[in-house]
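Structure assessment
As a plain string of letters, each chain reads:
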Amino acid sequence: MCGIILVDSTLVEGVNVVNETSQQSISSDRDGNFILFLKEDDVLVFSAVNLVTLRKKIILADLGKAVLKIQLQKNNILLKEVVIQEDSHITAENLGIIPYGQKKYTVAERRLYSARSGLLDRPLNWISGRTARLKKEVAVSEKEQLMAKLEYLFEENFYTETLKIPKDYIRDFQLFCIENDYFVISVKAKNKVLSKFYILSLAKDYNKITVYEN
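The shown structure was predicted, so the numbers you read here are calculated from the model rather than taken from an experiment.

1. Observations concerning the environment of L11
Mapped onto the elements, L11 comes out in strand β2 (residues 10-11). Since its relative accessible area comes to 38%, L11 is described here as partly exposed. Along the chain, L11 and Q71 lie 60 residues apart, while their C-alpha atoms are 9.6 Å from each other. For L11, the contacting residues outside a window of four places in its chain are I4, I5, L6, D31 and G32.

2. A look at empty space enclosed by the protein
The full count for this structure, using the stated rule, is one cavity of 30 Å³ or more. As a volume, the largest cavity reaches approximately 30 Å³. For the lining of the largest cavity, the residue count by class is two nonpolar, one polar and two charged.

3. Concerning the pattern of salt bridges
When their charged atoms lie close together, side chains carrying opposite charge are able to pair. Enumeration over the complete set of coordinates arrives at six salt bridges. K56 is the partner of D62 in a salt bridge, and the nearest nitrogen-oxygen pair spans 3.3 Å. The class for D62 is buried, based on a relative accessible area of 3%. Its relative accessible area of 22% is what places K56 among the partly exposed residues. Here the salt bridges do not stand alone but share partners, grouping K56, D62 and K65 into one network.

The rules behind these values
- Residues numbered from 1 in each chain as written.
- Predicted model: local features only at pLDDT ≥ 70, side-chain atom pairs only at ≥ 80, totals over all residues.
- Heavy atoms only, no water.
- Helix = DSSP H or I, 4+ residues; strand = E, 2+ residues; numbered from the N terminus.
- Buried < 20%, exposed > 50% of the residue type's maximum accessible area, 1.4 Å probe, protein only.
- Contact = heavy atoms within 4.5 Å.
- 1 Å grid on protein atoms, 1.4 Å probe; cavity = no way out; pocket = protein on both sides within 12 Å on 5 of 7 lines; lining within 4 Å.
- Points joined across faces, edges and corners; volume = space filled by probe spheres on them.
- Nonpolar A, V, L, I, M, F, W, Y, C, P; charged D, E, K, R; others polar.
- Salt bridge = Lys/Arg side-chain N within 4 Å of Asp/Glu carboxyl O.

The following block contains the structure:
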């Protein structure tokens, strides 16, 4: 779903938007826009430096809107003194050094970056096959993330009733879908309409294959 964030009629960039229900997060762009997969009863949290944090529960009426408009308020607090305790949890995001919602790399992606970036290690990595192995780890990690997105994107009855996929075959069908580059692009772009278009076509092909094999 598309949303837009305003403060006193001004579009706001860099607001951190977190779906507490699905644990998805994103930051608003320079035009105040954000896109998230939403369902009824999801809870969204909007926060940023100098803005009052807002919690909003998604209702059915929100899902019927073309654009979800969120109005935030400024939080102008003057501090005379700031005391930092030794156990304070200070991060680069909290200090405003980097924006909230920065891409967080998986362990496999960090290992691959490390293997590629070390100039002296490259020949050894190439000979040992470590780089190739790490690429496979990244590929597996990406597939796991795609599978997780599909779990949230489409409910079980959509597979069984609309796509006519037997319940025991749903996971196998999902694996079949993420081998399609166009479908993967639509999922990564969070375009549910396009994803649904591709998955309907893929279901027809998959059902033909299973009928033939059985």
